[in-house]
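A closer look at the structure
As a plain string of letters, each chain reads:
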Amino acid sequence: MKYLRHTLLILMLVASVTLEAKPKVRILATGGTIAGIAGSSTSSIYTAGQVGVQTLLAAVPQIQELAEVSGEQFANMASQDMTDAIWLRLAKRINHLLEEEDYDAVVVTHGTDTMEETAYFLNLTVKSDKPVILVGSMRPSNSLSADGPINLYNAVAAAISPDSRGMGVLCCMNDKLLDAKTVIKTHTIDSDTFEGGPSGIIGYVHNSRAYYLQEPLNKHTEDSEFDISDLDELPKVGIVYGYANASPLPMQAFVDAGFDGIVLAGVGDGNFHKDVFEVAVKAQQKGIQIVRSSRCPTGPTCLDGEVDDARYHFVASLDLNPQKARILLMLALTRTRDWQQIQQYFKEY
Ligand code: DGL
């Protein structure tokens, strides 16, 4: 009998070792519509950031078949209220989970309004090649045909896919995988709102697996030279919108408030109204870095188009839209005030 018991114990040990351990995935919940609650299953009137992470996980028990998934309530907010301080805390937490607690991947549930910005900030500040995937939904958690559960399942499936490693930070929405640099929310209410700009989607999730169509060309994550580990705040950078008969008051207000940088969401190829241009030139002369970007949804903001950037020491945002240009300028200003070095960062990131 004793030998039988010993034999059984050895067989169980061997079995446990040979059964491949599941990947460890941490879900950091921050709020958004995926955690939203509507007045009824058919109402579009809802409040974001109401449901806790354990409830989100309970709605998708199938993800436990994919990985050893655990949840953490990092915040529970509408993402239009996102702050630089929360970004810093989130990046530090993700770096700790991936490098100190040896998680294989992190999935961040997030509101869709600023998801593209958080993704790009993390793309420049996460110091690991392990998958970090942001996911949300366009319908509240208690909606008829809520899209959150399948989006969350797909995000975990992508997070454990070997091909996802080294792809930088991604967004996973509506079966699509989108790169942090190019992802953009294109429609206010459509569940298929996220696109990848002119370069398109980077991949997709099908039948619980990620498939990739391309790789990012820009520097990101492990290759990023931006280190936020000792930062408790970021330089102040604002965005000014361009339009016909634009007032110079908003840009002047940022100058008077002592901002470190100002991004222009300009008309066309990043052009200013002449009254705004005058304020921008004086701001640059005071050491406030001006970055020209565009309100156009697609196309680069080119160097030296109608504006002689070299003459005024302005930076052109190239392929970054205004909200992402702000993020790169903030991080660039943690390292340098040299406009030419900042322009080089816009070429690389
Ligand atoms: N308030 C918006 C947000 O938290 C809801 C949009 C959504 O999450 O789909 O981003």
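In what follows, the structure referred to is the one given above.
Let us look at the structure shown here. Values in this document were obtained by computation on a predicted structure and should not be read as measured data.

**Points about helix 8 (residues 274–285)**
End to end, helix 8 covers 17 Å across twelve residues, agreeing with the expected 16 Å (1.5 Å per residue, within 8%). Along helix 8, the positions that sit buried rather than exposed are Val 276, Val 279, Ala 280, Val 281, Ala 283 and Gln 284. Turning to helix 8, the residues buried within the fold contact helix 7 (249–256), strand 15 (289–294) and helix 9 (309–312). Positive backbone phi, at 95 degrees, marks Gly 287, one or two positions downstream of helix 8.

**Quick notes on the nonpolar core**
Within the largest apolar cluster, 56 residues are counted, with the highest numbers of intra-cluster contacts made by Ile 94, Phe 121, Leu 122, Leu 328 and Phe 346. Sorting elements by how many residues they give to this core places helix 4 (residues 84–99) first, with eight residues. If we skip the residues at most four places from it in the chain, Ile 94 touches Leu 28, Val 106, Val 108, Leu 122, Val 126 and Val 132. Leu 56, Ala 67, Ile 133 and Val 135 belong to the second-largest nonpolar core, a separate cluster that totals 32 residues.

**A word on the site of the ligand**
Taken together, Gly 32, Thr 33, Tyr 46, Ala 78, Ser 79, Gln 80, Gly 111, Thr 112, Asp 113, Ser 137 and Met 138 form the complete shell of residues around the ligand. In the model, an oxygen atom of the ligand is placed 2.5 Å from a nitrogen or oxygen of the Ser 79 side chain. Measuring from a nitrogen atom of the ligand, one finds a side-chain N or O atom of Gln 80 at 2.7 Å. Contact with the protein chains hides 93% of the accessible area of the ligand, taken as 290 Å² for the molecule alone. Classifying every residue of the shell around the ligand gives three nonpolar, seven polar and one charged.

The rules behind the values
- Residues numbered from 1 in each chain as written.
- Predicted model: local features only at pLDDT ≥ 70, side-chain atom pairs only at ≥ 80, totals over all residues.
- Heavy atoms only, no water.
- Helix = DSSP H or I, 4+ residues; strand = E, 2+ residues; numbered from the N terminus.
- Expected span 1.5 Å × (residues − 1).
- Buried < 20%, exposed > 50% of the residue type's maximum accessible area, 1.4 Å probe, protein only.
- Contact = heavy atoms within 4.5 Å.
- Core = buried A, V, L, I, M, F, W, Y, C linked by side-chain atoms within 4.5 Å.
- Near = heavy atom within 4 Å.
- Polar contact = N/O pair within 3.5 Å; in protein donor to acceptor, adjacent residues only side chain to side chain.
- Areas by Shrake-Rupley, 256 points an atom, 1.4 Å probe, with all protein chains shown as cover.
- Nonpolar A, V, L, I, M, F, W, Y, C, P; charged D, E, K, R; others polar.

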